[in-house]
Amino acid sequence: QLQLVESGGGLVQPGGSLTLSCAASGRTLDDYAIGWFRQAPGKEREGVSCISSSGSRTNYADSVKGRFTISRDNAKNTFFLQMNNLKPEDTAVYYCTAVVNGLRSWGQGTQVTVSS
């Protein structure tokens, strides 16, 4: 069964940067789109970004456009979310996700806290 594990979260000051990683195991994701969601305290989980199987197409939430970049390394079965110019409102648990054969898989999440 597909397993997803996020890493790279932490505490960063406003204006700082972090890069999140999501490592997939159990199967390769070369043929599948993947993405990132986040959930802040008291808020609904929201989509942040997604990328096509080849990496040729990407989408971003309006709130992160111009600051975040999604990418993938299919050879390593890993994908990333580069986050620049972080703001306090970016504070959330970030989850990676993929849909394989109609079933959505989630990682356990990694905490990103943006605070001085």
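As a reminder, the structure under discussion sits directly above these lines.
Note that the structure is predicted; figures quoted are calculated from it, not measured.

Trainee: What is the right way to read the environment of arginine 45 from this model?
Mentor: Along the chain, the position of arginine 45 falls in the loop between β4 (34-39) and β5 (46-51). Remark: the alpha-carbon pair of arginine 45 and valine 112, spanning 67 residues in sequence, is separated by 14 Å.

Trainee: Please explain the pairing of strand β1 (residues 3-7) as it appears in this structure.
Mentor: One face of the sheet, then the other: side chains in a regular strand alternate in exactly this way. Residue alternation in β1 divides its side chains into a buried set, Leu4 and Glu6, and an unburied set, Gln3, Val5 and Ser7. As judged from the 5 bridges shared by β1 and strand β3 (residues 18-25), these two strands associate in the antiparallel manner. Directly across from serine 7, in β3, lies its bridge partner serine 21.

Trainee: Looking at this model, I keep getting lost on the pattern of salt bridges. Mind explaining?
Mentor: A side chain with one charge may pair with a side chain of the opposite charge, provided their charged atoms come close. Per the stated rule, a full pass over the model turns up 5 salt bridges. Put simply, aspartate 90 and arginine 38 hold a salt bridge, and the shortest N to O gap is 3.0 Å. Residue aspartate 90 is located in the loop between β8 (78-83) and β9 (92-100), and its partner arginine 38 is located in strand β4; the two are separated by 52 residues in the primary sequence. Where lysine 76 meets aspartate 73, a salt bridge forms, and the shortest distance between an N and an O atom there is 3.5 Å. For lysine 76, a relative accessible area of 59% corresponds to the exposed category. When its relative accessible area of 24% is taken as the criterion, aspartate 73 is described as partly exposed. Bridged by salt links that share partners, the residues Arg38, Glu46, Arg67 and Asp90 form one connected network.

Trainee: Just checking my understanding: could you explain the sheet that holds β8 for this structure?
Mentor: Each strand in a sheet pairs with another by means of backbone hydrogen bonds, the pair being arranged parallel or else antiparallel. Reading across from one edge, β1-β3-β8-β7 is the order of the 4 strands in this open sheet, with antiparallel pairing throughout. Of all strands in the sheet, those with a lone pairing partner are β1 and β7 (68-73), marking the two edges. Pairwise comparison of adjacent strand axes, ignoring direction, gives a mean angle of 15° for this sheet.

Trainee: Help me understand the state of the cysteines in this model?
Mentor: Defined simply, a disulfide is a covalent bond joining two cysteines at their sulfur atoms. This structure, assessed with the given rule, holds 1 disulfide. The residue that forms a disulfide with cysteine 22 is cysteine 96, at a sulfur-sulfur distance of 2.0 Å. Between cysteine 22 and cysteine 96, the disulfide has an S-S torsion of 60° and is therefore right-handed. Here cysteine 22 is found in strand β3, whereas its partner cysteine 96 is found in strand β9, with 74 residues between them in sequence. We classify cysteine 22 as buried; its relative accessible area is 0%.

Trainee: I'm lost on the nonpolar core in this one. Help?
Mentor: Side chains that are nonpolar tend, in soluble globular proteins, to be buried together. Ranked by internal contacts, the top residues of the largest apolar core, which has 28 residues, are Leu29, Trp36, Phe68, Leu81, Met83 and Tyr94. Among the elements of the structure, β3, β4, β5, β7, β8, β9 and β11 (110-114) are those that each provide at least two residues to this core. Here this core takes 5 residues from β9, the largest share from any one element.

Rules behind the numbers
Residues numbered from 1 in each chain as written. Predicted model: local features only at pLDDT ≥ 70, side-chain atom pairs only at ≥ 80, totals over all residues. Heavy atoms only, no water. Helix = DSSP H or I, 4+ residues; strand = E, 2+ residues; numbered from the N terminus. Buried < 20%, exposed > 50% of the residue type's maximum accessible area, 1.4 Å probe, protein only. Pairing = 2+ DSSP bridges. Salt bridge = Lys/Arg side-chain N within 4 Å of Asp/Glu carboxyl O. Axes fitted to C-alpha atoms, helices over the stretch in contact; angles between N-to-C directions. Disulfide = S-S within 2.5 Å. Core = buried A, V, L, I, M, F, W, Y, C linked by side-chain atoms within 4.5 Å.

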